[in-house]
Amino acid sequence: MNDFFDNWTVQVRKGVLELCILNALAGKERYGYELVKTLVAIPGLAVTEGTLYPLLSRLRVQGYVEARLEESSEGPARKYYTLTKEGRKVMRAMNDYLEELNQGTRKLQERNIP
Amino acid sequence: MSQWTETAKAKLEQYLAQMGKSLAGSGADANEVVEDLRRHVEEEAAARKLTVVTEQDLAQILARIGTPEAIALPGNESPAPPPPANRPKGGLLWKVGAGVLLIFGVLLPLGTVVFEFLTGACAGVLFDPIPTLAHAALVALVPLVNLAVWVAVCRGERRWRTALGWASGFTIGVALVYALLFLPATPFAVIGILFLGFGFVPLAPLASLICALILRNRLRGIGGEATPLPGLWRGLALAVVVLGVLALPMIITKVGLQMAASDSSTESTRGIRWLRDWGQNEELLRACYGRAGRSGGLYSWGKRVNPETARMIYYRVNGCAFNSIAPPKLYAGRVRWNLMEEEFTWDDDQAGDAVAGRVRGLSLASSRQDGIIYPDAALAYLEWTLEFKNDSRLQREARAQILLPPGAVVSRLTLWIDGEERDAAFGGRSQVKTAYKEVVQKQRDPVLVTTCGPDRVLVQCFPVSPDGGRMKLRLGITAPLSLTAPDAGCLRWPCFAERNFTIGDQLHHSLWVESSQPLETAGGKLTADQAKPGVYALRGQLRDGDLFAPINSVCARRPAEIASTWTRTTHEPENQIIRQTIVARPPTISDRVILVLDMTKGMEACLPAIQAALSALPADIEFALLLARDGYEEALPVQRVTPELAGKAAQWKFRTAGGQDNVPALIRAWELAAQTKAGVILWVHGPQPMLLDSAGELRQRFERSPNPPLLLDAQTQPGPNRILEMLDGLKPVRSIIRYGSLGDDLTRLFSGWSNRTGTVECVRERIGPDFKDTQTLGTETSTHLARLWAAEEVERLCAARHLSEATQLAARYQLVTPVSGAVVLETTAQYERAGLQPASPESVPIVPEPSGGMLLLLGLMLLAARRHK
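Residues numbered from 1 in each chain as written. Chains lettered and ligands numbered in written order. Predicted model: local features only at pLDDT ≥ 70, side-chain atom pairs only at ≥ 80, totals over all residues. Heavy atoms only, no water.

1. A few points about the overall build of chain A
Moving on, step 1. If you tally the helices and strands in chain A, you get four helices and three strands.
Moving on, step 2. The order of helices and strands in chain A, counted from the N terminus, is α-β-α-α-β-β-α.
Moving on, step 3. In chain A, 49% of the contacts between residues at least 6 apart in sequence involve partners at least 24 apart.
Moving on, step 4. Of the accessible surface of chain A, which amounts to about 6,500 Å², a share of 53% is contributed by carbon and sulfur atoms. (Helix = DSSP H or I, 4+ residues; strand = E, 2+ residues; numbered from the N terminus. Contact = heavy atoms within 4.5 Å. Areas by Shrake-Rupley, 256 points an atom, 1.4 Å probe, with all protein chains shown as cover.)

If you want it as structure tokens, here you go:
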């Protein structure tokens, strides 16, 4: 049961992690450290910074996010990330799909409640 | 910035190198990730406020950062694509179905909207389905949303599913409302398609509704059966609300109209107030013409208010007659449907007794008044030439109520037929009316003039030919001057009180009047000049609204020493002599004055002048003020005039509203004025285009009372006066002499009472054919004097119930009186059939050519002078 659940959570996290990054960038531009801290703090997501940076890089390479460096007076230069038009489109499609999936799941759940 | 120990630095580099290696083939940029991690570690150290970063600190930070999980490593380059959507099955049935949905759900309704927008076909025949741009946008949305849903369904695209769900719900609501509106036409459309092959247009709303429902069902399918599609009921409700909001002004007006037309006076008054506050004027105006408005046609319900009632309500709401403004555009038929629309604007009042509503396409093309004043006899003869133009595609009848100068009579009528002048036949009122109606029915060219109240005539001419056709006529008017002193008199220009044609902003009445004595006007809009010694002219142009204004009246000087004039009449079997004597009348000493103020909208502009004039009231009389508003209101009870009254009057604040019924206030004023021996009612008012209350009681009081009060009438704006029409022929009912501003004229009237100033009047009499010694009669003058005498004699005979004698006299003198009229027919046969004889060219009066007229006048004066010697 535990193994099965662990495997399943990995699969789910695998599915939603990139969507979480895109959603986090949907509202505003964020710099890497801030973005990573935000995502790490999401309960249940259980993700480390070491995992997030490669994903961010991959999204940038795929053209869904773009980044720019800006000097900071408080420490090292900051790297700001924003969603591209394509990234926004993909994010909406992913959200719609997830919403449908959730609704369907809930519907089944409700039908099975005696 | 933190300091790093050497070992910490080395450890970090080792970690980053390992990380870079592990990322190879992950789809991420390894160098970029290494740099990002380095930056992250540095920020973390800064966040922890480490001044020196040791190996131990780094270990803690790196432990937190961790290593990339499997999800970020090779083999997981891109997010998993969404699973394939539930595309519709690509079979032949679906392909055919999709084609049908595209045709009936998109192309047919879209084509119908464009067709209706360009041609107004439905608007011209049934009702306007797209009365506003907002309606057009809503209707166009139905096929457009159907198209969007169709595309989404065909592609299995679920991205816009939710938004399309809402849009589809909304447009289903719009399509449903329109399908219901067109439901009565649906059976005819089906029959049309089956037997004639056309009739798809009325079916477009129903077709688009069915297609929208099918497409919505398909749209729900692409999300999976378990996923509901939002927005059906709420979208539908929203559509109904939006259409309701667009129709709200019309609904409010319809409700108000129904309330105002109620038999219950309380309900009716509430309806009028409702309409004054919230009503849509255009919708009301359409009701006056018996046609629903553009948007009104969309939702027909409730009891139909007939045009007559609607016209009353329009006046009570707006304070002006429905026909005093341009008619509303009826629907929106365009291209050839425009003709169909015009067919529906048939003039129901043709050949009737009322001016009624404005007729589309009919206008006044030109207007000129030429006149001559005979100062010795204190009279004038004016000719008013009018030309009408008809731009519509139907024959039209031009009708107008013309306000004549006080005491004037129509003495000539001419119509141009094929460029030739034809003079009228004068006969009994019913005789000429019957002749006119017969000829109108045969679509020939007649013109009719009859009286319609004191100093008012109704002119009717038909047909003004369609497509730019013109009709020209001329009215000859013999008018006495209103004498203001033995050496001066004034003449008000004849003007339109009511008309069924439009007068363009650019049109001016061309005026020219001549006299052997100086002429002037207070208004300053006309030019007075002296062309040559002894010839004075007043000329210029006035807009239609200015023609009524007393300030533009002609003020003519006259020789005060000539008090007696005479003329020979040729209208009698034996030459009769008619004499006129100017006599001074003692002042009217009134002991009580009741001022009745009309509180109709538009009167507010006159109130300051009236209030100011009250200071000239004589000090020894009683005064009361009645306001004609929602019945009557005794604003100032009967009291003696004091010097403080003018001061008090200046403080009065009156509120006008809509159109008011003046009859109750006049009846109350009659009661108050009749309580004394010499009571006077001064009625200051705007036009009274509708008789809201029967004036029969008022007339009865004036007729039956042995000592009725004097009713002095002062109308402030041009327009009909139905109350005065009802009081026609009553001696105690008179208009005050107007030749200045309202304030000046009232002040002059009050001052005359204060100073006990008498009046000057003309007395005309027939002194028989046997009178030989004409030298003793004074100055010989124009034969128009005989016409004025005859008009008065007709009035006397009518009062004595000698109607047959009165009719014969009027016909003999060729006058339009309450018992006679003038009609021009086209052929001799028509005259014979009607038992009428057209006036011979020798017997009709003319305005001589400018110089000729003066020569004639001078000749007459010389002749008279020689005889006098």
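So much for the structure itself; the text now carries on.
2. Topic: the interface of chain A and chain B
Moving on, step 1. Chain A puts 37 residues into the contact, and the matching count from chain B is 37 residues.
Moving on, step 2. Of the roughly 3,400 Å² buried where chain A meets chain B, counting both sides, 56% is carbon and sulfur surface.
Moving on, step 3. For the chain A face of the interface with chain B, the top three residues by lost area are Tyr33(A), Arg58(A) and Glu100(A), together amounting to 19%.
Moving on, step 4. In this structure, the salt-bridge partner of Lys79(A) is Glu32(B), at a minimum N-O distance of 2.7 Å.
Moving on, step 5. If you look at where chain A meets chain B, you find 11 residue pairs in polar contact (both at pLDDT 80 or more).
Moving on, step 6. Elements represented by at least two residues in the side of chain A that touches chain B include exactly α1 (2–26), α2 (32–40), α3 (49–61), β3 (78–83) and α4 (85–112) of chain A.
Moving on, step 7. It is α3(A) that provides the largest number of residues to the side of chain A that touches chain B, a total of 10 residues.
Moving on, step 8. For the side of chain A that touches chain B, the per-class residue count stands at 17 nonpolar, seven polar and 13 charged. (Buried area = accessible area lost by both parts, 1.4 Å probe. Salt bridge = Lys/Arg side-chain N within 4 Å of Asp/Glu carboxyl O. Polar contact = N/O pair within 3.5 Å; in protein donor to acceptor, adjacent residues only side chain to side chain. Nonpolar A, V, L, I, M, F, W, Y, C, P; charged D, E, K, R; others polar.)

3. Observations concerning the pattern of salt bridges
Moving on, step 1. Applying the stated rule across the entire model yields 49 salt bridges over all chains.
Moving on, step 2. Glu44(B) is paired through a salt bridge with Lys37(A); the nearest N and O atoms lie 2.8 Å apart. Linking Glu44(B) in helix α2 (residues 30–47) with Lys37(A) in helix α2, this pair reaches from one chain into another.
Moving on, step 3. Of the residues examined, Glu44(B) reaches a relative accessible area of 7% and is grouped as buried.
Moving on, step 4. Ionic pairing is found between Arg585(B) and Glu761(B), a salt bridge with its closest N-O pair at 3.1 Å. Here the residue Arg585(B) occupies a position in strand β21 (residues 576–585), and Glu761(B) occupies one in strand β28 (residues 759–766), the gap between them amounting to 176 residues.
Moving on, step 5. Owing to a relative accessible area of 34%, Glu761(B) belongs among the partly exposed residues under this scheme. (Buried < 20%, exposed > 50% of the residue type's maximum accessible area, 1.4 Å probe, protein only.)

4. Concerning the packing of helix α10 (residues 232–260) of chain B against helix α11 (residues 265–278) of chain B
All names here are of chain B.
Moving on, step 1. Relative orientation of the contacting elements α10 and α11 amounts to 150°, with a least axis distance of 7 Å. With respect to their mutual orientation, α10 and α11 come out roughly antiparallel. In the packing of α10 onto α11, the handedness of the crossing is left-handed. Of α11, the residues touching α10 (which contributes Ile 252, Thr 253, Val 255, Gly 256, Leu 257, Met 259 and Ala 260) are Glu 267, Ser 268, Arg 270, Gly 271, Ile 272, Trp 274, Leu 275 and Trp 278.
Moving on, step 2. Partitioning the contact of α10 with α11 into residue classes produces nine nonpolar, four polar and two charged. (Axes fitted to C-alpha atoms, helices over the stretch in contact; angles between N-to-C directions. Parallel < 35°, antiparallel > 145°, perpendicular 65-115°, else oblique. Left-handed = near helix turned anticlockwise from the far one by under 90°.)

5. Quick look at helix α15 (residues 429–441) of chain B
Residues and elements named next belong to chain B.
Moving on, step 1. In a regular helix each residue adds 1.5 Å, so 13 residues correspond to 18 Å; α15 covers 19 Å between its end C-alpha atoms and thus fits that length.
Moving on, step 2. Those residues of α15 that fall on the buried side of the exposure criterion are Val 432, Lys 433, Ala 435, Tyr 436, Val 439 and Val 440. The arc enclosing the buried residues of α15, seen along the axis, measures out at 160°, which places them on a common side. Opposite the packed face of α15, turned more than 90 degrees from it, sit the exposed residues Ser 430 and Gln 441.
Moving on, step 3. At its buried positions, α15 is contacted by β5 (396–403), β8 (425–428), β9 (447–451), β10 (456–464), β30 (820–824) and α25 (828–834).
Moving on, step 4. Downstream of α15 by one or two residues, Gln 443 has phi in the positive range, about 60°. (Expected span 1.5 Å × (residues − 1). Arc of directions from axis to C-beta.)

6. Overview of the sheet that holds β28(B)
Residue and element names in this part refer to chain B.
Moving on, step 1. On the basis of which strands lie adjacent, the open sheet formed by four strands has the order β28-β21-β20-β29 and mixed pairing. The two strands at the open ends of the sheet, each matched to only one other strand, are β28 and β29 (779–780).
Moving on, step 2. Examined bridge by bridge, strand β20 (residues 564–569) and β29 share two bridges and lie parallel to one another. Within β29, the position partnered with Trp 566 by the bridge is Glu 780.
Moving on, step 3. Here helix α23 (residues 784–799) sits on the sheet in contact with β20, β21 and β28, set at roughly 90° to β28. (Pairing = 2+ DSSP bridges.)

7. So, α2(A)
Since the α-helix turns once every 3.6 residues, residues separated by three or four places project in the same direction.
Moving on, step 1. Listed as buried for α2(A) are Gly32(A), Tyr33(A), Leu35(A), Val36(A) and Leu39(A). Across the axial projection of α2(A), the buried residues extend over an arc of 165°, all falling on one side.

8. Overview of the environment of Ile130(B)
Moving on, step 1. Residue position: Ile130(B) is located in the loop between α5 (121–125) and α6 (133–155).
Moving on, step 2. Separated by 13 residues in sequence, Ile130(B) and Phe117(B) have C-alpha atoms that sit 7.6 Å apart.

9. A few points about the environment of Trp278(B)
Moving on, step 1. As for its placement among the helices and strands, Trp278(B) is situated in helix α11.
Moving on, step 2. For the pair Trp278(B) and Pro249(B), spaced 29 residues apart in sequence, the C-alpha separation works out to 7.7 Å.

10. Let's talk about the pairing of strand β3 (residues 362–374) of chain B
All names here are of chain B.
Moving on, step 1. Where burial is concerned, most of β3 is hidden: 10 out of the 13 residues are buried.
Moving on, step 2. Pairing of β3 with strand β4 (residues 379–390), which is carried by 12 bridges, proceeds in the antiparallel orientation. Directly across from Ser 363, in β4, lies its bridge partner Lys 389.
Moving on, step 3. By the bridge criterion, five bridges tie β3 to strand β15 (residues 509–515) in an arrangement that is parallel. Counterpart to Arg 368 in the pairing with β15 is Ser 510.

11. Observations concerning the side chain of Ser820(B)
Residue and element names in this part refer to chain B.
Moving on, step 1. By secondary structure assignment, the location of Ser 820 is in strand β30.
Moving on, step 2. Residue classification places Ser 820 among the buried residues on the basis of a relative accessible area of 0%.
Moving on, step 3. A polar contact is formed between the side chain of Ser 820 and the backbone oxygen of Leu 815, at a distance of 2.7 Å.
Moving on, step 4. A distance of 2.7 Å separates polar atoms of two side chains, one belonging to Ser 820 and the other to Thr 817.
Moving on, step 5. Among all residues touching Ser 820, those that are not within four sequence positions of it are Gly 427, Gly 428, Arg 429, Ala 810 and Leu 815.

12. Some points on the confidence of the model for chain B
All names here are of chain B.
Moving on, step 1. Of all residues in chain B, 89% attain a pLDDT of 70 or more, and the chain-wide mean is 84.
Moving on, step 2. Note that residues 76–87 has pLDDT below 50 and, in this model, 27 contacts with residues that lie over four places away or in other chains.
Moving on, step 3. For the stretch residues 851–855, pLDDT sits under 50, and the model shows nine contacts to residues farther than four places along the chain or on other chains.
Moving on, step 4. Predicted complex metrics record ipTM = 0.84 and pTM = 0.67. (pLDDT = per-residue confidence, 0-100.)

13. Observations concerning the sheet that holds strand β17 (residues 527–532) of chain B
Residue and element names in this part refer to chain B.
Moving on, step 1. Across the sheet, eight strands lie side by side as β7-β6-β11-β4-β3-β15-β18-β17; this open sheet has mixed pairing. The sheet is open, and its two borders are formed by β7 (420–423) and β17, each paired with just one other strand. Between one strand axis and the next, the sheet turns by 20° as a mean value, whatever way the strands run.
Moving on, step 2. In the sheet, strand β6 (residues 409–417) pairs with strand β11 (residues 469–480) via six bridges, with the strands oriented antiparallel. Each bridged residue has a counterpart across the sheet, and for Val 409 the counterpart in β11 is Thr 478.
Moving on, step 3. The sheet strands contacting α23 are β3, β4, β6 and β11, and the helix crosses β11 at an angle near 85°.

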